[in-house]
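Take a look at the letters that make up each chain.
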Amino acid sequence: MRFEDLVRRHAADLYRYAFWLARDRQQAEDVVQEAMLRAWRGFPRLREGAAAKSWLFSIVRNEHYRMAGRSAPLADVIGLEEIAAPDERPALEMRDALMSLPASYAEPLALQVLGGFTCAEIAALLGTTEGAAMTRLTRARQALRRLVSAGNAAERRGGRS
Amino acid sequence: MNCLDYRRALLAGEGESAEMKVHRLQCAACIEVWREHADFEAALRQGLEVPVPPGFEAAVASSLVQRRRRFLAAAAVSVLAIGVGTYAWLGREDPLALASIDFVMKEEAKSIMMGAMPRDDAAIVLADSLPLERIEGIGRIAHIRPCPFNGATAYHVVLAVPQGKVTLLVMPGFALKSGQHAAHEGLHAVVTPLVKGSVGVVGSDAGVVNSVAGALGA
């Protein structure tokens, strides 16, 4: 497979993953751009085509942490109202809840849902055990459920007053 | 599988296994949990799928092309710089080094006529500048002869090292502050300062010449 095809296939999910790591649009773009240049340099050494996706995600992850060490505090955080149509209420509420979720929970979720990785693959990417990855995924969903239902309850209270 | 196992497995998000499906189809409460979970997962996916900036994929591809060009250009400049540096080194014609090459090309045949020196005599005359033991530490001395060189006496040594043969020109009367290099007619020469005088190393392989000169240097 050509490197350009690989990038084109995964660019959107890599951007979204980078966004959930950085919580910043500009930073996510920069991370992906830098990561793809690094990936291009390493591409000739990639022997297993099947491992290409997790390889790209791991490069984005490394690049994020490398750049995060030298970047300014987050700014330009995505505005929910500007990205969701009014009828996308559940997604909007969920995104709001995801924004409040610690990165240690949001990251494995992004890898699972956006990247389609298994618990074992997520564990390998995060450098942890499969059991620990599964625990983080479970707790992430529990936390999201709490956040979404708390938001709904607050809205209901606001609606009654 | 019981209801607790089923709900725990759903929360981990790995999808519904055959065993889980069997439980769900037999449990009205878990059917309801499964429906609610499916809605939750759909919303989760939508929530995570933040909008990608318009034209992002093209921008990444375009940036990649530009940066690759810059990267390759920078790499080419580095290669060029190394080449120019090597050429400058090889192209140097320091006088004493060039004279050493001339000696090997023109005078070596004449010096042969003067005959070889006994080893003990050579050890005495070279003791202050380049002890024979030091030369023998890096190769086998084929022969040593005294020879006229630039108005003084130098000592011409043919030295066999593992990579081939080099000629040494030990010049007790020619002191140097720093090394000299020359390349001419396919031969390379490096002249290195010694405690007393200097030694020229001449050979056809620049790497071997450098290596021997480095080993002999003061």
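Residues numbered from 1 in each chain as written. Chains lettered and ligands numbered in written order. Predicted model: local features only at pLDDT ≥ 70, side-chain atom pairs only at ≥ 80, totals over all residues.

## Describing the packing of helix α2 (residues 25–42) of chain A against helix α3 (residues 52–68) of chain A
Residue and element names in this part refer to chain A. Packing of α2 against α3 leaves a shortest axis separation of 9 Å and a crossing angle of 120°. Classified by the angle their axes make, α2 and α3 are oblique. Note on packing geometry: the crossing formed by α2 with α3 is right-handed. Taken together, the residues of α3 that come into contact with α2 (itself represented by Asp30, Val31, Val32, Glu34, Ala35, Arg38 and Ala39) are Leu56, Ile59, Val60, Glu63, His64 and Met67. Partitioning the contact of α2 with α3 into residue classes produces eight nonpolar, one polar and four charged. (Axes fitted to C-alpha atoms, helices over the stretch in contact; angles between N-to-C directions. Helix = DSSP H or I, 4+ residues; strand = E, 2+ residues; numbered from the N terminus. Parallel < 35°, antiparallel > 145°, perpendicular 65-115°, else oblique. Left-handed = near helix turned anticlockwise from the far one by under 90°. Contact = placed C-beta atoms within 7 Å. Nonpolar A, V, L, I, M, F, W, Y, C, P; charged D, E, K, R; others polar.)

## Looking at unusual backbone geometry
Phi at arginine 23 of chain A takes a positive value of approximately 55°, unusual for a residue other than glycine. Among the secondary structure elements, arginine 23 of chain A is positioned in the loop between α1 (3–22) and α2. With 17 C-beta atoms counted inside 10 Å, the residue arginine 23 of chain A sits in the partly exposed group. One non-glycine residue with positive phi stands out, namely glutamate 185 of chain B, at about 55°. Considering the arrangement of structural elements, one finds glutamate 185 of chain B in the loop between β4 (180–184) and β5 (187–193). Of the residues examined, glutamate 185 of chain B has 9 C-beta atoms within 10 Å and is grouped as exposed. (Buried ≥ 20, exposed ≤ 12 C-beta atoms within 10 Å, placed from the backbone.)

## Details of the interface of chain A and chain B
On the side of chain B, 23 residues touch chain A, which itself brings 36 residues to the contact. Broken down by secondary-structure element, the contributors of at least two residues to the side of chain A that touches chain B are α1, α2, α5 (89–100), α6 (103–113) and α8 (130–160) of chain A. Per element, the largest residue contribution to the side of chain A that touches chain B is nine residues, and it comes from α1 of chain A. Taken together, the residues of the side of chain A that touches chain B break down into 24 nonpolar, five polar and seven charged.

## Examining the environment of alanine 127 of chain B
All names here are of chain B. Positionally, alanine 127 belongs in the loop between α6 (119–126) and α7 (132–136). You can call alanine 127 exposed: it has 12 C-beta atoms within 10 Å. When the C-alpha atoms of alanine 127 and lysine 196 are compared, they prove to be 9.7 Å apart, with 69 residues separating the residues in sequence.

## A short note on the sheet that holds β4 of chain B
All names here are of chain B. Strand order in the open sheet formed by six strands is β1-β2-β3-β6-β5-β4, and the pairing between neighbours is antiparallel. Each of the sheet's edge strands pairs with one partner strand only, and the pair in question is β1 (140–149) and β4. The mean inter-strand angle of the sheet, taken between neighbouring strand axes irrespective of direction, is 20°. Judged from the seven bridges that link them, strand β2 (residues 152–161) and strand β3 (residues 164–171) form a sheet pairing that is antiparallel. In the sheet register, valine 158 faces β3, and the bridge partner there is threonine 167. (Pairing = 2+ DSSP bridges.)

## Digging into the packing of α1 of chain A against α6 of chain A
Two packed helices can be described by the angle between their axes and the distance between those axes. All names here are of chain A. Here α1 crosses α6 at 170°, and the two axes come no closer than 9 Å. Here α1 is positioned roughly antiparallel relative to α6, judged by the angle of their axes. Where α1 abuts α6, its residues Arg16, Tyr17, Trp20 and Leu21 lie against Ala103, Ala106, Glu107, Ala110 and Leu111. The residue makeup of the contact of α1 with α6, split by class, is seven nonpolar, no polar and two charged.

## Comments concerning α3 of chain A
Residues and elements named next belong to chain A. Look at α3: 24 Å from first C-alpha to last across 17 residues, which is about the 24 Å you get at 1.5 Å a residue. Within α3, burial applies to Leu56, Phe57, Ile59, Val60, Arg61, Glu63 and His64. Among the structural elements, α1, α2, α6 and α7 (119–126) are those in contact with the buried residues of α3. (Expected span 1.5 Å × (residues − 1).)

## Some points on the environment of leucine 46 of chain A
Residue and element names in this part refer to chain A. Mapping leucine 46 onto the fold places it in the loop between α2 and α3. Residue classification places leucine 46 among the partly exposed positions, given that 15 C-beta atoms sit within 10 Å. Leaving out residues up to four positions away in the same chain, leucine 46 has contacts with Ala52 and Trp55.

## A few points about the environment of methionine 67 of chain A
Residue and element names in this part refer to chain A. Within the secondary structure, methionine 67 sits in helix α3. When the C-alpha positions of methionine 67 and alanine 22 are compared, they lie 9.8 Å apart, and in sequence the two are 45 residues distant. The contacts of methionine 67, once residues within four sequence positions are left out, are Asp30, Val31 and Glu34.

## What to know about the confidence of the model for chain B
Scored by pLDDT, chain B has a mean of 84; 89% of the residues are at 70 or more. The ipTM, which scores confidence in the relative placement of chains, is 0.82 for this predicted complex, and the corresponding pTM is 0.56. (pLDDT = per-residue confidence, 0-100.)

## Digging into the nonpolar core
Judged by nonpolar contacts, the single largest core of 45 residues is most densely connected at Leu14, Tyr17, Ala18, Val32, Val60 and Ala110 of chain A together with Leu48 of chain B. Among the elements of the structure, α1, α2, α3, α5, α6, α7 and α8 of chain A together with α3 (28–48) of chain B are those that each provide at least two residues to this core. Sort the elements by how many residues they give to this core and α1 of chain A lands first, with eleven residues. Setting aside its immediate chain neighbours within four residues, leucine 48 of chain B contacts Arg16, Trp20, Leu98, Leu109, Ala110, Val113 and Leu114 of chain A. Counting 37 residues, the second-largest nonpolar core is a separate cluster that includes Leu98, Phe149, Val209 and Leu216 of chain B. (Core = buried A, V, L, I, M, F, W, Y, C linked by C-beta atoms within 7 Å.)

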